[in-house]
Amino acid sequence: MKPLLRWIMVSMFVAGACAAPVALAWNAQGHQTVGAIADSLLARTHAGTEVSTILGGGETLQIASLWPDCAKGVAKNNKTGLFHFVVSPRFPECAPFQTAAGKEAMVSFVKRNWDACHPAADEEVCHKQYHYADVAIERNGYARSEIGTSDHDVVSAINAALAVLRGRTAPAPFDIANKQEALRVLAHYVGDVHQPLHVGAIYLSATGQEVDPDAGPFDRATKTQGGNLIKDGASGLHHEWDTIPASLEVSSFLSDGVAAARHVPVTSGAVGTWAAQWASDAVMASHTAFQGLSFGTEVDPGKKKEHWPVTEPTGYAVARAAVQKAQLVKAGARLAQLLQAIWP
Ligand SMILES: [Zn+2]
């Protein structure tokens, strides 16, 4: 989800119309589906044993995958400079991490990953940026030369966590303390890199025309913040893609999801190239996500309620659910495959 504050404001705005609790990206259910598929695939494997030992306390990937979104509950007091965790009743899934030691662990991670990436004025603090990239839909894949990528985007973040799990130090600006923290963030980011709107982005002019940010000088005003600034009525386009249908939640989808995940081929090439390949795959999925959408003129540019209205084609929700299903299955399979590559 990006950015958190904007979304909280939006969700407060739509609270009356929305019965479900506010969701984090994928929402908690989506991340749990990814984690649970990987847990099942790793049962009775060496990697599975390593995962349980590192996470400890009976924590599964299904639970661990929620941690980086729960850590977004850490706030900084701008007067004192102190960090503290704010418990929110809207995120009951974060309860396992809200012990005294658990809160301390989240505060520590956020503090270490706050501003070493030198966020621009219109960007979020570093650890929130670790969840996504914003590759233009005009591209056919992820490359670090493109606008919307960085040394602290979701691909870089997966590789940083991977380095720590292989016994190395995370490259700057990342500061990952240990293998437990690395595994918790990895389980989450592998989910995020499969959410098409966490990787593919549309850039729009003030009149709602598609703009290619890699062609000519880049105008930051064309950023739609991963679709967070695109509104289908009161609902954000990014949020719609984060939210999964009940049929894809762990309780209804796990056995079908695991069966499908067993058929996902292992990514080719060196393990360190996998995250970029998965991001390229998500860019292609984002092409489907943006197909048939039409955008109106930007409303309130530069202001709090800045957005572009979108009109979705007939059958869009059904098409979206099909892409979500395929992406969740791939994410679960690939998380397990990556961990098995580390611990064969
Ligand atoms: Zn995320």
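## Comments concerning the overall build of the chain
- What the chain contains, in helices and strands, is 13 helices and 10 strands.
- Against the 2.2 N^0.38 benchmark of 20 Å for 344 residues, the chain shows a C-alpha radius of gyration of 19 Å, consistent with a compact globule.
- On the principal axes, the C-alpha backbone points of the chain span a range of 55 × 50 × 40 Å.
- Expressed as a percentage of the 344 residues in the chain, the buried residues total 47%.
- Contacts in the chain between residues far apart in sequence, at least 24 positions, make up 71% of those at least 6 positions apart.

## Quick word on the packing of helix H2 (residues 28-42) against helix H13 (residues 316-342)
- Taken N-terminus to C-terminus, the directions of H2 and H13 make an angle of 45°; their axes are 8 Å apart at the nearest point. Compared by their axis directions, H2 and H13 come out oblique. As for the relative orientation of H2 and H13, their crossing is right-handed in sense. Residues Gly30, Thr33, Val34, Ile37, Ala38, Leu41 and Leu42 of H2 form the contact with H13, whose participating residues are Leu328, Val329, Ala331, Gly332, Ala333, Leu335, Ala336 and Leu339.
- In the contact of H2 with H13, the residues fall into 12 nonpolar, three polar and no charged.

## Quick look at the nonpolar core
- Of all hydrophobic cores here, the largest spans 84 residues; its most connected members are Val154, Ile158, Ala161, Val193 and Ala279.
- The dominant element in this core, judged by the number of residues it contributes, is helix H12 (residues 274-290), at nine residues.
- Not counting residues within four places of it along the chain, the set of residues in contact with valine 193 comprises Val154, Val155, Ile158, His198, Val199, Ala275, Trp278, Ala279 and Ala282.

## Comments concerning the packing of H2 against helix H9 (residues 179-192)
- For the pair H2 and H9, interaxial distance at closest approach is 9 Å and the crossing angle is 110°. Considering their axes alone, H2 and H9 lie roughly perpendicular with respect to each other. As H2 runs across H9, the sense of the crossing is right-handed. Between H2, through Gly30, His31, Val34 and Gly35, and H9, the contact on the second element is made entirely by Ala187, His188, Val190 and Gly191.

## Concerning the environment of alanine 163
- Within the element layout of this structure, alanine 163 appears in helix H8 (residues 154-165).
- The spatial distance from the C-alpha of alanine 163 to the C-alpha of isoleucine 176 is 9.7 Å, given a sequence separation of 13 residues.
- Setting aside its immediate chain neighbours within four residues, alanine 163 contacts Arg168, Thr169, Ala170 and Pro171.

## A closer look at the sheet that holds strand E8 (residues 235-236)
- Taking strand neighbours across the sheet as the criterion, the four strands line up as E8-E7-E10-E9 in an open arrangement whose pairing is mixed. Unpaired on one side and paired on the other, E8 and strand E9 (294-295) mark the two borders of the sheet.
- Bridge count between strand E7 (residues 230-232) and strand E10 (residues 308-311): two bridges; the pairing is parallel. Within E10, the position partnered with lysine 231 by the bridge is proline 309.

## Details of H8
- A rise of 1.5 Å per residue sets the reference length of H8, with its 12 residues, at 16 Å; its end C-alpha atoms lie 17 Å apart and thus fit the reference within 8%.
- Taken together, the buried positions of H8 are occupied by Val154, Val155, Ser156, Ala157, Ile158, Asn159, Ala160, Ala161, Leu162 and Val164.
- On its buried face, H8 is in contact with H9 and H12.
- Phi for glycine 167, located one or two positions after H8, is positive at around 85°.

## A few points about the environment of alanine 206
- Along the chain, alanine 206 turns up in the loop between strand E5 (203-204) and strand E6 (210-211).
- What makes alanine 206 partly exposed here is the crowd of 13 C-beta atoms within 10 Å.
- Sequence spacing of alanine 206 and tryptophan 308 is 102 residues, and the spatial spacing of their C-alpha atoms is 8.4 Å.
- Non-local contacts of alanine 206, meaning those with residues more than four positions away in its chain, are made with Thr297, Glu298 and Pro301.

## A word on the confidence of the model for the chain
- In the predicted model, the chain carries a mean pLDDT of 93, and the fraction of residues at 70 or more is 93%.
- Contacts from residues 1-24, a stretch scored under 50 in pLDDT, to residues over four places away or in other chains number 32 contacts.

Calculation notes
Residues numbered from 1 in each chain as written. Predicted model: local features only at pLDDT ≥ 70, side-chain atom pairs only at ≥ 80, totals over all residues. Helix = DSSP H or I, 4+ residues; strand = E, 2+ residues; numbered from the N terminus. Rg over C-alpha atoms; globule rule 2.2 N^0.38 Å. Buried ≥ 20, exposed ≤ 12 C-beta atoms within 10 Å, placed from the backbone. Contact = placed C-beta atoms within 7 Å. Axes fitted to C-alpha atoms, helices over the stretch in contact; angles between N-to-C directions. Parallel < 35°, antiparallel > 145°, perpendicular 65-115°, else oblique. Left-handed = near helix turned anticlockwise from the far one by under 90°. Nonpolar A, V, L, I, M, F, W, Y, C, P; charged D, E, K, R; others polar. Core = buried A, V, L, I, M, F, W, Y, C linked by C-beta atoms within 7 Å. Pairing = 2+ DSSP bridges. Expected span 1.5 Å × (residues − 1). pLDDT = per-residue confidence, 0-100.

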